[in-house]
Structure formats: structure tokens, C-alpha cells
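# Notes for the structure review
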Amino acid sequence: MSKKVAVGTVDGEALVKEAAALLHDLRTPLLTIRTLAVLLDDINVKASPAREIEKQVDRLNERLDAFWRQIEPSADGAVDTVAAEPQAAYRVLYVDDDELHQDIGRRMLVQSGCTVVVCANGAEALERCAEESFDLVFLDRNTPILNGLEAARQLSEKAGQIPYLIGMSNDPRGSLVRVECLESGMQDYFAKPLTVEKLAAVFEGVSSRQRREGQ
């Protein structure tokens with residue numbers, strides 16, 4: 001069983017490195033193994049190989065969950081790691097088609113006191129924003145169907161209060177992608193994965209905009 005750490009004792013840099021290592025180690029095998037399982041079902045191969053593949057997927061997911069249990073609130077409500085403190089209980093829409101990054105974003109935002117809705121692409125994001133009001137919208141640059149850039153353009157053109165739009169990507173061309181995101185109407189950008197430091201910077205940006213607008 002993994003040991004939880006006390007508030008204030010977490011080495012933030014070490015935690016980020018561990019998260020990055022997990023993503024690196026888990027993402028490719030998870031996607032490859034799951035895809036192979038689907039193919040095996042499609043071609044009517046005997047069920048036993050597919051069951052073994054599912055066991056491996058479960059094992060890898062357990063490893064990721066064990067890591068996240070170290071940074072989740074404990075049963076008595078005490079938070080076991082440092083978390084970014086929001087200036088308000090923000091309503092957040094988190095848009096990413098990568099399930100691992102969805103999980104990272106959702107957990108960190110919930111720990112910070114936010115209410116979070118997750119969806120997988122820009123088209124879904126536009127639908128949710130038409131139905132609900134959000135303070136922040138995190139938009140992955142490369143979602144399918146409708147990418148984050150186009151979703152940001154359409155959201156920016158709407159009348160009324162526009163949410164604080166944050167672009168994100170794991171594209172190595174960081175400075176270029178940042179420019180693309182800001183030119184599309186976003187207010188901020190960070191390279192994935194989301195970290196405590198990046199989330200704190202986002203919250204500060206939101207707070208600064210609210211102060212400028214007298215909210």
C-alpha cells in the first residue's frame with residue numbers, strides 16, 4: 001500500500017516528475033493494449049487472450065490509481081498534498097480527449113474546490129457552454145471533431161460574459177502553440193500535464209481579469 005504524505009511535505013518537483021513518468025509509462029501500453037483487445041473481439045478470436053489483455057489494463061490502471069491516492073483528500077477530509085487555492089469556487093469545463101490527462105485535470109481542479117465538467121472535444125464543449133455557464137474552460141489544442149482553437153474562436157464571438165479560456169497541449173512546439181491559442185481568443189496556455197504551479201498561475205490570471213472588470 002502506498003504511504004500518503006502530509007500537507008506541506010510534498011516535493012512538488014518530484015511529484016510532477018513522478019506524474020510525468022507515469023504518463024510516459026502508461027499511456028502507450030494502455031492505448032495499444034486496449035486497441036488490441038477490441039480487434040481481438042472484432043475478429044472473433046477466443047476470449048482468453050482478450051481477458052488477459054484486460055487484466056493487464058487493469059493492472060496498469062491500478063498503478064495510476066495508487067499514485068493518485070497519494071494526493072487525494074483522505075477519508076476525514078484532510079488534504080494530503082499541496083493544492084492550488086482558487087480565488088472562488090469556479091465552475092470549470094475541461095476539454096480533452098486523452099483520458100489520463102482528463103483524470104489529472106479533473107482531480108486537481110476538484111481538490112482546489114472547483115466544480116468540474118469533462119468532455120472530449122470542442123463540439124461537445126460548445127454544446128455544454130450553450131447549456132451552462134462556466135467560469136473557466138480548459139481547451140486541448142488538438143481534440144477531434146472540433147479542435148480547441150476553433151472552439152475558442154466560436155466561444156469568443158458569442159455575446160455576453162466569455163469564460164476564461166485556457167489552451168493546453170503536449171505539442172513540443174510550445175511557443176508556437178501558445179501564440180496560436182492566444183490568437184484564437186484564449187487568455188492563457190500551458191504545456192500538459194497540468195501541475196499545481198500551472199493551476200495556480202491560471203487562477204491568478206482569472207483573478208486578475210476579475211479585478212480589471214470590477215467583479
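Going by the structure above, here's the rest.
The shown structure was predicted, so the numbers you read here are calculated from the model rather than taken from an experiment.

If you walk across this open sheet you meet the five strands as β2-β1-β3-β4-β5, and the pairing is parallel. The open sheet has two edge strands with one neighbour each: β2 (115-119) and β5 (188-191). Pairs of neighbouring strands in the sheet enclose a mean axial angle of 20°, with direction left out of account. The pairing of strand β4 (residues 164-169) with β5 spans four bridges and is parallel. By the bridge assignment for β5, S169 is matched with A191.

What follows is about the side chain of Q102. For Q102, the position within the fold is in helix α3 (residues 99-111). In this structure Q102 comes out as buried when scored by relative accessible area, which is 18%. A distance of 2.4 Å separates the side chain of Q102 from the backbone oxygen of D96, its partner in a polar contact. Sequence-distant contacts of Q102, defined by excluding residues within four places in its chain, comprise Y94, D96, D97, V118, C119 and A120.

Before going further, it helps to examine the side chain of T195. With respect to the helices and strands, the residue T195 is situated in the loop between β5 and α7 (196-212). Side-chain polar atoms of T195 contact the backbone nitrogen of K198, separated by 3.2 Å.

We now examine the packing of helix α4 (residues 122-131) against helix α5 (residues 148-157). Put simply, α4 and α5 touch, their axes get as near as 9 Å, and they point 20° apart. Considered as vectors, α4 and α5 are oriented roughly parallel to each other. Viewed along their axes, α4 and α5 form a crossing whose handedness is right-handed. Residue-level contacts link G122, L126 and C129 of α4 to A151, Q154 and L155 of α5. Class assignment for the residues of the contact of α4 with α5 results in four nonpolar, two polar and no charged.

Analysis parameters
Residues numbered from 1 in each chain as written. Predicted model: local features only at pLDDT ≥ 70, side-chain atom pairs only at ≥ 80, totals over all residues. Heavy atoms only, no water. Pairing = 2+ DSSP bridges. Helix = DSSP H or I, 4+ residues; strand = E, 2+ residues; numbered from the N terminus. Axes fitted to C-alpha atoms, helices over the stretch in contact; angles between N-to-C directions. Buried < 20%, exposed > 50% of the residue type's maximum accessible area, 1.4 Å probe, protein only. Polar contact = N/O pair within 3.5 Å; in protein donor to acceptor, adjacent residues only side chain to side chain. Contact = heavy atoms within 4.5 Å. Parallel < 35°, antiparallel > 145°, perpendicular 65-115°, else oblique. Left-handed = near helix turned anticlockwise from the far one by under 90°. Nonpolar A, V, L, I, M, F, W, Y, C, P; charged D, E, K, R; others polar.

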